[in-house]
Every structure is written in structure tokens, then in C-alpha cells.
Amino acid sequence: MITIVGAGRIGSTVAANIIPKELDDILLIDIIQGLPQGEALDLGHMAASFGVDVSLRGTNDYKDMEGSDLVIVTGGLPRKPGMTRLDLLQKNSQIIGDIALKIKEHAPKSLVLMVTNPLDVMTYVALKKTGFDKNRVFGMSGQLDSCRFRYFIAQTMKVPVSAVHAIVIGEHGESMLPLPQYSTVNGKPLTKLMSKEEITKLIEGTRKTAADVIALKGGTVYAPGNAVGSMVEAIIKNKHEQMPLSAYQNGEYDVNGFYIGVPAVLGRNGVEKIVKLDLDEEQKAVFQKGADSIKNAISEIGLA
Ligand code: NAI
């Protein structure tokens, strides 16, 4: 069973994304009475319209997550216009601490896929509170940020998005790190196709585009839902797929003891391997700035 904690915008969109993939039955949990039940009913009708046999259930009781193989955590507050992800730190660390204890109690064998922001810090909170193995707790960040970079590359170069491969690592925040030398158009690295100034523009656009969506329509929904869906598929189908995600660091990128976005191999047992890419000096500095920001936030909530 796949459990989604938080039946708000992202939680329900993740369910809508994975239903047609017919991966497993889905449980939605929320603290709001009626919301997960209503979403489950509506989504159940959608499953019927696809003709797929996925059972959907909504509940306010964490006990119902017993037997979950995977718990996706989207519960907590989202950003409002003008906020950074780190502005959610204090409130969401409380909420995620509570949710993680429930997961530990009721789904002790599950993998935990974190979505709530500030993502890298909340993934660390979940690790500490569940006490699970590090490979079983990880977060969604780079899958989404990379799609945004991919979108901007395709738009700017006027090529089909299918011709573009893009990768973003680092903090899921102000210091996210798009990697142009590993991002390609029809196999050619971006660094051979565009000037440094043009690339810088794309990188800046990628960093700030979520804030633009939030300012325009109140929140991001479809792209994050789809990014989580692709991770769920890699896990349940045991695809051993390489993708950027927030993984626990053991010094691979000169960072130790907490989470940040890196390329990693994902399968049924969670994070199988972190993949090392060479970064230039400027990129190393941005990666480190993001790591410092995550580390400071962990200290601020007293979990260092
Ligand atoms: P939302 O407000 O639509 O939904 C959040 C839901 O969590 C609400 O229904 C709320 O009742 C529920 N909730 C709060 N405390 C809970 C608890 N203790 N147990 C169960 N449910 C609880 O927010 P939305 O837009 O779905 O965003 C959710 C989170 O995802 C936010 O923190 C947002 O910043 C983050 N996010 C992360 C992304 C990423 O790339 N990692 C991308 C987009 C959003």
C-alpha cells in the first residue's frame, strides 16, 4: 500500500498521477475531517474512469497506514506569495516531527518520501524522528527542479522538450544548482550551445520560477505531483533509476551527515547509491552555500 500524508493540493495530485500507473492501493491521510475521504471518493471515480483497479481510501486515523510499503509526506504548510521555503521551517518541523513519529509507530517497515518544505531539512527531521535507515528516507527536489530547467532550455532554444535532458542538484531552495555541462539538447551539452550569460539567465529563471507560480496562482501543483509520481514508479517497479533527489550525504560531495539534492539510484529499497559528478569551482561554492543553509536550519530547530 502507498500512503500519502496530507491530502491537500500536492497530496491529491500525487494520487491522481499514480492512479493510472496502477502501482498499488492508495491511502490518503489528513487532519481535516472529510477532506481525505472526499478526495479518495473523487479519485476512486477517476480510477474507475481509467478502468484501473486501484483502491482509494481516506482517513484521519494514522493507524490505517499499517502495512504501508511507502509513505509520501506532503502534510504541512505551503509557501504564500513572497515567502521562501525556509520561512516554513519552524511550523513545518513541528508538523513533520509529529507525522514521523506516527510513521515510526504504524508503518515501521516503510520507505519515507518527503515532499514538505523546506525539503532537505524536513527530510532530516523525518530521519531523526523515525530512526529509520538513511537509505529509506529521502526527498523529492531535483526531479522537479530539473523539469523546470528542462522547460526553460526547450523554450529558449525552441526545440521539443523531448530533445532536452536537464539536471539540477543542491539545496531545494535559493541555492539550487542547475548543471549546464550535464544538461543536453539532442545529446550536446548546453555549455557548447549557449553563452555563459544565456545560461546564467536560464539558471536564474529555474531558481525563481516556483515563486512566480505561487505569486500568480497561489501554489505549485501539477509539476510537483508528477515529479513525485515518477519517483513512486521508480520505487514500486524497482527500476534502479538514476535521478536527482534529496539523499543523506556521506561525504560524496564534501558534505556529511544531512540531506541535499544529488544524483542517486532509486529502487524498491530506497536510495541505492549516490552518483558523483565533477563540479567546477563556482558550482562547488553554490552547492556548499546550499549545504550551509540546510545545516544552519537544522541548528535553528535544535536537531544538529
Ligand atoms: P496544502 O495546504 O494544499 O496541503 C497540505 C495538507 O497537509 C493540508 O490538507 C493539511 O490539512 C495537511 N496537514 C497539515 N498537518 C498535517 C498532519 N499533521 N497530518 C496530516 N496532514 C496534515 O499544501 P500543498 O500545496 O499540498 O503543499 C504541501 C507541502 O509540499 C508544502 O510544504 C509545500 O511547500 C511542499 N512542496 C514541496 C515541493 C517540493 O519540491 N518538495 C513542491 C511543492 C510543494
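What you see is a predicted model, and the numbers here were worked out from it, not measured in a lab. (Residues numbered from 1 in each chain as written. Predicted model: local features only at pLDDT ≥ 70, side-chain atom pairs only at ≥ 80, totals over all residues. Heavy atoms only, no water.)

**Thoughts on the pairing of strand 4 (residues 70-73)**
Alternating positions in strand 4 separate into two faces, Leu70 and Ile72 on one and Val71 and Val73 on the other, with burial throughout. Where strand 1 (residues 2-5) meets strand 4, four bridges bridge the pair, whose relative direction is parallel. By the bridge assignment for strand 4, Ile2 is matched with Leu70. Crossover strand 4 to strand 5 (residues 111-114) through helix 3 (residues 89-106) is right-handed. (Buried < 20%, exposed > 50% of the residue type's maximum accessible area, 1.4 Å probe, protein only. Helix = DSSP H or I, 4+ residues; strand = E, 2+ residues; numbered from the N terminus. Pairing = 2+ DSSP bridges. Right-handed = clockwise from strand over helix to strand, strands pointing away.)

**Some points on helix 3**
Owing to its 3.6 residues per turn, the α-helix aligns residues three or four sequence positions apart on the same side. Here helix 3 spans 25 Å end to end across 18 residues, near enough to the 26 Å set by a 1.5 Å rise per residue. For helix 3, the full list of buried residues reads Leu89, Asn92, Ser93, Ile96, Gly97, Ile99, Ala100, Ile103 and His106. (Expected span 1.5 Å × (residues − 1).)

**Some remarks on the sheet that holds strand 7 (residues 164-165)**
Spatially, the three strands line up as an open sheet ordered 7-10-11, and their pairing is antiparallel. For this open sheet the edge positions go to strand 7 and strand 11 (188-189), each flanked by a neighbour on one side alone. One ladder, built from two bridges, connects strand 10 (residues 184-185) with strand 11; its direction is antiparallel. Bridge pairing in strand 11 links Thr184 to Pro189.

**Here we look at the pattern of salt bridges**
Under the criterion given, the structure shown has six salt bridges. Across the pair Lys237 and Glu233 runs a salt bridge, and its minimum N-O distance is 2.7 Å. Lys237 gets classed as partly exposed once you look at its relative accessible area, which sits at 46%. The class of Glu233 is buried, set by a relative accessible area of 16%. Here Glu241 ties to Lys239 by a salt bridge, and the two come within 3.5 Å at their closest N and O atoms. Residue class for Glu241 comes out partly exposed when judged on its relative accessible area of 26%. The class of Lys239 is partly exposed, set by a relative accessible area of 40%. (Salt bridge = Lys/Arg side-chain N within 4 Å of Asp/Glu carboxyl O.)

**Comments concerning the packing of helix 5 (residues 142-157) against helix 7 (residues 222-236)**
Running from N to C, helix 5 and helix 7 point in directions that differ by 125°, and their axes come no closer than 8 Å. Between helix 5 and helix 7, the angle is such that the two are oblique. Handedness of the crossing formed by helix 5 with helix 7: right-handed. When helix 5 is examined against helix 7, the residues Gln143, Leu144 and Arg148 are found in contact with a partner set consisting of Ala223, Pro224, Ala227, Ser230 and Met231. (Axes fitted to C-alpha atoms, helices over the stretch in contact; angles between N-to-C directions. Parallel < 35°, antiparallel > 145°, perpendicular 65-115°, else oblique. Left-handed = near helix turned anticlockwise from the far one by under 90°. Contact = heavy atoms within 4.5 Å.)

**Considering the domain arrangement of the protein chain**
When the domains of the protein chain are assigned, the result is domain 1 (2-139) and domain 2 (142-300). Each of domain 1 and domain 2 was reduced to a C-alpha centroid, and the two centroids are 22 Å apart. The interface of domain 1 with domain 2 comprises 36 residues on the first partner and 46 residues on the second. Buried surface at the junction of domain 1 and domain 2, both sides included, amounts to about 3300 Å², of which 67% is carbon and sulfur. On the domain 1 side of the interface with domain 2, the three residues burying the most area are Arg85, Asp120 and Tyr124, jointly 19% of the side's total. Among the ionic pairs, Glu233 bridges to Lys21, the shortest N-O distance being 3.5 Å. Where domain 1 meets domain 2, there are 11 residue pairs in polar contact (both at pLDDT 80 or more). Every element with two or more residues in the side of domain 1 that touches domain 2 is listed here: helix 1 (9-18), strand 4, helix 3, strand 5, helix 4 (119-130) and strand 6 (137-139). In terms of residue class, the side of domain 1 that touches domain 2 is built from 19 nonpolar, eight polar and nine charged. (Domains from an automatic or database assignment. Buried area = accessible area lost by both parts, 1.4 Å probe. Polar contact = N/O pair within 3.5 Å; in protein donor to acceptor, adjacent residues only side chain to side chain. Nonpolar A, V, L, I, M, F, W, Y, C, P; charged D, E, K, R; others polar.)

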